Amino acid sequence: MAASQELRVDHLPSDPLLHILSFLGFRDLIHCSYVSRRLNELSKHNPLWKSHCSKHWLLTDVERLQSGVSWFCLFKQYYRDLGRYIQYYPVLKRAWEQLKSFLQQRCPRMIASLKEGATEVELNDIEAQIGCRLPDDYRCSYRIHNGQKLVIPGLMGSMSLSNHYRSEVLLDVETAAGGFQQRKGMRRCLPLTFCFHTGLSQYMALEPAEGRRMFESFYPCPVRKLPVCLSLHRDQTAQDPSAIDMFITGSCFLEWFTTYVHNVVAGEFPIIRDQIFRYVHDKTCVTTTDDITVSVSTSFLPELSSVHPPHFFFTYRIRIEMSSSAPPEAACQLDSRYWRITTSDGNVEEVQGPGVVGEFPVMTPGKVHEYASCTTFSTPSEYMEGHYTFHRLANKEEVFHVAIPRFHMVCPPFREPVVRTKPSTSYTSRFDDHDDDSEYCDGDGDDFGDLRGINMAALEGAWCPRHI
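Given the structure is predicted, the values throughout are model-derived calculations rather than measurements.

1. Observations concerning the environment of Ile-152
Secondary-structure assignment places Ile-152 in the loop between strand S2 (145–148) and strand S3 (158–161). Assessed through its relative accessible area of 35%, Ile-152 is described here as partly exposed. In contact with Ile-152, other than residues within four places in its own chain, are Arg-109, Tyr-165, Ser-167, Phe-196 and His-197.

Here is the structure:
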């Protein structure tokens with residue numbers, strides 16, 4: 001009997017082989033190119049690299065045509081420049097594109113404030129200047145856009161009360177490096193944002209020092225001095241400059257930035273006068289009484305808050321709307337408000353008073369009235385609920401209540417410095433810790449260089465009072 005014929009890859013038709021190769025990641029595709037001359041040739045197939053260009057670099061057919069090169073060559077070009085960021089680039093690039101598309105429609109002047117991306121050389125120079133390594137997700141974002149110009153409004157959100165205004169600018173890397181902290185209590189911290197009016201900044205810890213976790217973002221909260229009459233109860237570390245509490249805003253730059261962008265483009269933050277106001281709206285925090293709907297959004301103000309002594313400042317924005325289908329005789333006027341306030345330690349307080357922030361709005365069919373107010377607590381979380389009292393314009397004797405839905409106010413996680421004796425507040429990251437397995441390429445030559453066994457050459461050769 002004749003010996004069975006040996007089955008060789010070279011004898012297989014191209015279509016099934018290309019179909020198999022289409023399921024491989026770009027690293028495995030490169031490895032396959034070492035197996036045989038036939039697989040080496042098939043691994044260069046242009047449609048295979050189109051999918052990888054789309055997945056990793058978000059490139060389109062138009063961009064490929066403008067480049068004048070094949071998908072394979074285009075992938076190589078981007079990998080040489082951005083290969084070390086490949087695990088972050090598509091997420092951050094998509095976030096930036098979504099944010100710009102949103103702003104173009106609603107806050108166009110913010111688009112003009114964005115700066116072009118920094119170069120690798122510029123980022124390396126900044127690292128040498130501050131003597132610290134910048135995390136790759138931060139570097140990746142700044143390769144796309146190097147923050148924004150120092151203008152108002154700030155990209156990272158605003159807040160406005162009758163006697164207080166905040167608008168945070170996303171700092172470019174050069175300005176951020178100028179504000180790099182080496183002082184006790186803030187060692188190795190890089191500012192991410194800055195507000196001209198309050199001096200407020202969010203920081204990123206570049207090293208795990210003084211109770212901070214590496215690369216987490218936070219608002220610093222210096223210990224406030226207590227009145228002399230309370231000096232006997234003052235914390236023993238109150239005069240220590242390293243005793244800086246922290247309101248945690250993110251476990252890493254990627255989480256911090258993409259979470260904010262998601263809230264913006266999803267409509268979680270209202271746009272008021274071409275500015276992004278960082279009020280958080282719980283979609284369940286809406287109630288309707290007859291023809292009137294009341295909804296509430298809230299915001300925590302770290303610049304007016306402290307952990308020691310406990311003083312947590314919140315603002316809330318209330319929207320009162322009368323249905324456009326309500327009959328004309330439903331027109332009414334707000335007379336008073338009633339609040340029932342419950343803190344996290346179980347204390348209950350009742351507050352009532354005339355009008356809302358000095359106003360007595362008249363509601364007619366289709367009308368919307370919005371106002372903002374503020375309150376402070378000595379506990380980090382609490383909730384409020386209550387009702388408004390209205391009377392009908394057609395009959396002042398007809399008085400009725402409109403329910404205000406329960407809304408919760410919770411400050412961000414905070415951590416106390418290691419110099420304190422009491423246990424610090426725990427913080428659980430919403431992201432798993434990432435190993436630093438991002439790719440790096442020096443860009444020399446015509447290939448990607450030798451990266452962990454992947455060689456592309458194989459394919460080619462202020463303090464406000466409580467006011468409720």
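2. Side note on the packing of helix H7 (residues 89–106) against helix H12 (residues 253–265)
Running from N to C, H7 and H12 cross one another at 30 degrees; their axes reach a closest spacing of 10 Å. Put simply, H7 runs roughly parallel to H12. Two packed elements cross with a definite hand, and for H7 against H12 that hand is left-handed. Note on element contacts: H12 touches H7 through Leu-254, Phe-257, Thr-258, Val-261, Val-264 and Val-265, opposite Val-91, Leu-92, Ala-95, Trp-96, Gln-98, Leu-99 and Phe-102. For the contact of H7 with H12, the residue count by class is 11 nonpolar, 2 polar and no charged.

3. Observations regarding the sheet that holds strand S14 (residues 292–300)
One open sheet holds the 4 strands; their spatial order is S13-S14-S15-S19, and the pairing between them is antiparallel. What marks the edges here is a single partner per strand, and that holds for strand S13 (280–289) and strand S19 (368–377). Across the sheet, the axes of successive neighbouring strands diverge by a mean angle of 20 degrees, strand direction being ignored. Of the pairings in the sheet, the one linking S13 to S14 comprises 6 bridges and is antiparallel in character. For Val-280, the partnering residue across the bridge sits in S14 and is Thr-298.

4. Re the environment of Arg-406
Relative to the assigned elements, Arg-406 resides in strand S21 (residues 399–410). Dropping the residues within four chain positions of it, Arg-406 is found in contact with Cys-285, Tyr-383, Met-384 and Glu-385. In this structure the side chain of Arg-406 is engaged in a polar contact, spanning 3.2 Å, whose partner is the side chain of Glu-385.

5. Brief notes about the packing of aromatic side chains
Within this structure, the stated rule accounts for 27 aromatic pairs. Between Phe-194 and Phe-196, the aromatic rings sit 5.6 Å apart at their centres with planes inclined by 85 degrees, giving edge-to-face as the arrangement. For Phe-196, a relative accessible area of 40% translates into the label partly exposed. The rings of Phe-26, Trp-49, Trp-57, Phe-72, Phe-75, Tyr-78, Tyr-79 and Tyr-89 are connected pair by pair, giving a single aromatic cluster.

6. Remarks on the side chain of Ser-305
Take Ser-305: it is sitting in the loop between S14 and strand S15 (312–322). Within the structure, the side chain of Ser-305 is placed 2.7 Å from the backbone oxygen of Leu-301, a separation counted as a polar contact. Within the local environment of Ser-305, its side chain forms a polar contact with the backbone nitrogen of Phe-313, the two atoms lying 2.9 Å apart.

7. Section: the packing of H7 against helix H10 (residues 136–144)
Running from N to C, H7 and H10 cross one another at 45 degrees; their axes reach a closest spacing of 10 Å. Relative to H10, the element H7 is oriented oblique. In this structure, H7 crosses over H10, and the sense of that crossing is right-handed. Counting all contacts with H7, which are made through Tyr-89, Leu-92, Lys-93 and Trp-96, the residues of H10 involved are Asp-137, Cys-140, Ser-141 and Ile-144. Residue classes in the contact of H7 with H10 are distributed as 5 nonpolar, 1 polar and 2 charged.

8. Side note on unusual backbone geometry
Backbone torsion omega between Ile-152 and Pro-153 reads 10 degrees, so that peptide bond is classified as cis. A cis amide bond links His-308 to the next residue, Pro-309, at an omega of -5 degrees. Among the secondary structure elements, Pro-309 is positioned in the loop between S14 and S15. You will see that Glu-210, though not glycine, has its phi angle at about 55 degrees, which is positive. When its relative accessible area of 19% is taken as the criterion, Glu-210 is described as buried.

9. Section: the confidence of the model for the protein chain
Averaged over every residue, the pLDDT of the protein chain is 85; residues scoring 70 or more account for 83%. Mean pLDDT in the protein chain bottoms out at helix H13 (residues 457–460), which sits at 40, and peaks at H10, which reaches 98. Residue range residues 226–239 is modelled with pLDDT below 50. Its contacts to residues more than four positions away, or to other chains, number 12 contacts. This stretch, residues 421–465, has a pLDDT under 50; its non-local contacts, to residues over four places away or in other chains, come to 101 contacts.

Criteria and cut-off values
Residues numbered from 1 in each chain as written. Predicted model: local features only at pLDDT ≥ 70, side-chain atom pairs only at ≥ 80, totals over all residues. Heavy atoms only, no water. Helix = DSSP H or I, 4+ residues; strand = E, 2+ residues; numbered from the N terminus. Buried < 20%, exposed > 50% of the residue type's maximum accessible area, 1.4 Å probe, protein only. Contact = heavy atoms within 4.5 Å. Axes fitted to C-alpha atoms, helices over the stretch in contact; angles between N-to-C directions. Parallel < 35°, antiparallel > 145°, perpendicular 65-115°, else oblique. Left-handed = near helix turned anticlockwise from the far one by under 90°. Nonpolar A, V, L, I, M, F, W, Y, C, P; charged D, E, K, R; others polar. Pairing = 2+ DSSP bridges. Polar contact = N/O pair within 3.5 Å; in protein donor to acceptor, adjacent residues only side chain to side chain. Phe/Tyr/Trp six-rings, centres within 6.5 Å; stacked < 30°, edge-to-face > 60°. pLDDT = per-residue confidence, 0-100.

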